[in-house]
Each structure stands twice: as C-alpha cells, then as structure tokens.
Amino acid sequence: AGTTWGMSHSGRLAAYAEDEQGRRYAMLEDWREIIAVPTRQRDLAVGTEVRARSEPAPRGTEAALEQEHGRGIVWQLADLERERERDRGRGR
C-alpha cells in the first residue's frame with residue numbers, strides 16, 4: 001500500500017489477511033488490482049466500500065517503532081458508505 005503518509009486508496013474490502021510474521025492487512029480491491037493495507041482494524045465488514053489513508057504514527061506508539069509494519073505510518077480505514085450517508089444527512 002505504500003510507506004509514505006498522505007497516501008489514499010479506495011476500494012471494496014475483499015478480505016482481511018495475516019502474513020507469516022503475524023502482521024495484519026486489509027485487502028482492498030479496486031477495478032485494477034488488490035492492495036494490501038497494513039492495519040489492526042477489523043471493524044469493517046468484508047464487501048464494504050472503504051477508503052484507507054496513511055497518517056504519521058503518533059510518537060511513542062508501537063506502530064511508530066515497528067519498521068516492518070508501516071515504517072512509521074498508520075493506515076486508517078473508513079467506511080465510504082457511512083461517510084456518504086452522514087454527508088447526505090448534513091445536506092452536502
């Protein structure tokens with residue numbers, strides 16, 4: 001998914017996966033590829049339209065210290081369907 005903060009990916013949450021070292025990923029499927037996004041989140045249902053954004057890891061957190069898992073960034077997953085409903089409710 002990338003190791004630079006400020007990146008964004010959108011797609012359908014195809015699955016959650018784990019590698020041999022126990023790192024967890026959300027597998028996002030867009031129209032051309034499947035993107036593995038490092039995350040510990042497991043609160044979104046498979047099939048949900050999701051946006052993943054990379055952000056700097058808060059100082060002193062485990063994610064900031066883990067070189068292999070995000071290289072100092074964290075990925076936040078958001079339910080796009082829920083965001084659209086919230087925006088419609090606000091008249092946007």
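In case you missed it, the structure is sitting above this.
Residues numbered from 1 in each chain as written. Predicted model: local features only at pLDDT ≥ 70, side-chain atom pairs only at ≥ 80, totals over all residues. Heavy atoms only, no water.

### Considering the environment of G6
Argument step 1. The residue G6 is located in the segment before β1 (8–18) in this model.
Argument step 2. A C-alpha to C-alpha distance of 6.0 Å links G6 and E55, two positions 49 residues apart in sequence. (Helix = DSSP H or I, 4+ residues; strand = E, 2+ residues; numbered from the N terminus.)

### Overview of the pairing of strand β2 (residues 24–29)
Argument step 1. Two strands pair when backbone bridges link them, and β1 and β2 are joined in this way by 6 bridges, in the antiparallel orientation. Bridging across to β2, L13 finds its partner in L28.
Argument step 2. Here β1 hands over to β2 after 5 residues, with G22 in that stretch at a positive phi of 90°.
Argument step 3. Across 5 bridges, β2 lies against strand β3 (residues 34–38) in antiparallel orientation. The partner of Y25 across the bridge, within β3, is P38.
Argument step 4. The antiparallel pairing of β2 with β3 creates a hairpin that spans 4 residues between the two strands. (Pairing = 2+ DSSP bridges.)

### Structural notes on the environment of V37
Argument step 1. By the secondary structure assignment, V37 is in strand β3.
Argument step 2. Residue classification places V37 among the buried positions, given a relative accessible area of 0%. (Buried < 20%, exposed > 50% of the residue type's maximum accessible area, 1.4 Å probe, protein only.)

### Remarks on the sheet that holds β2
Argument step 1. Strand order across the open sheet formed by 5 strands is β3-β2-β1-β4-β5, with antiparallel pairing between neighbours. Strands with a single pairing partner mark the edges of an open sheet, and in this sheet they are β3 and β5 (73–79). Sheet twist, expressed as the average angle between the axes of neighbouring strands with direction ignored, equals 50°.
Argument step 2. Sheet analysis places strand β4 (residues 49–56) next to β5, joined by 7 bridges and oriented antiparallel. Across the sheet, the residue bridging to R51 is A78, located in β5. (Axes fitted to C-alpha atoms, helices over the stretch in contact; angles between N-to-C directions.)

### A short note on the nonpolar core
Argument step 1. Counting residues in each nonpolar core, the largest one holds 11 residues, listed as L13, A26, L28, I35, V37, L44, V50, A52, I73, W75 and L77.
Argument step 2. Here the element with the most residues in this core is β5; it accounts for 3 residues.
Argument step 3. Residues in contact with V50, not counting those within four places in the same chain, are H9, S10, G11, L13, L28, L44, L77, A78 and L80. (Core = buried A, V, L, I, M, F, W, Y, C linked by side-chain atoms within 4.5 Å. Contact = heavy atoms within 4.5 Å.)

### Regarding the pattern of salt bridges
Argument step 1. Applying the stated criterion across every chain, the model contains 4 salt bridges.
Argument step 2. For E29, the salt bridge identified is with R12, shortest N-O distance 2.4 Å. Of this pair, E29 sits in strand β2 while R12 sits in strand β1, and the two are 17 residues apart along the sequence.
Argument step 3. Its relative accessible area of 31% is what places E29 among the partly exposed residues.
Argument step 4. Relative accessible area serves as the criterion here: at 32%, R12 is assigned to the partly exposed category. (Salt bridge = Lys/Arg side-chain N within 4 Å of Asp/Glu carboxyl O.)

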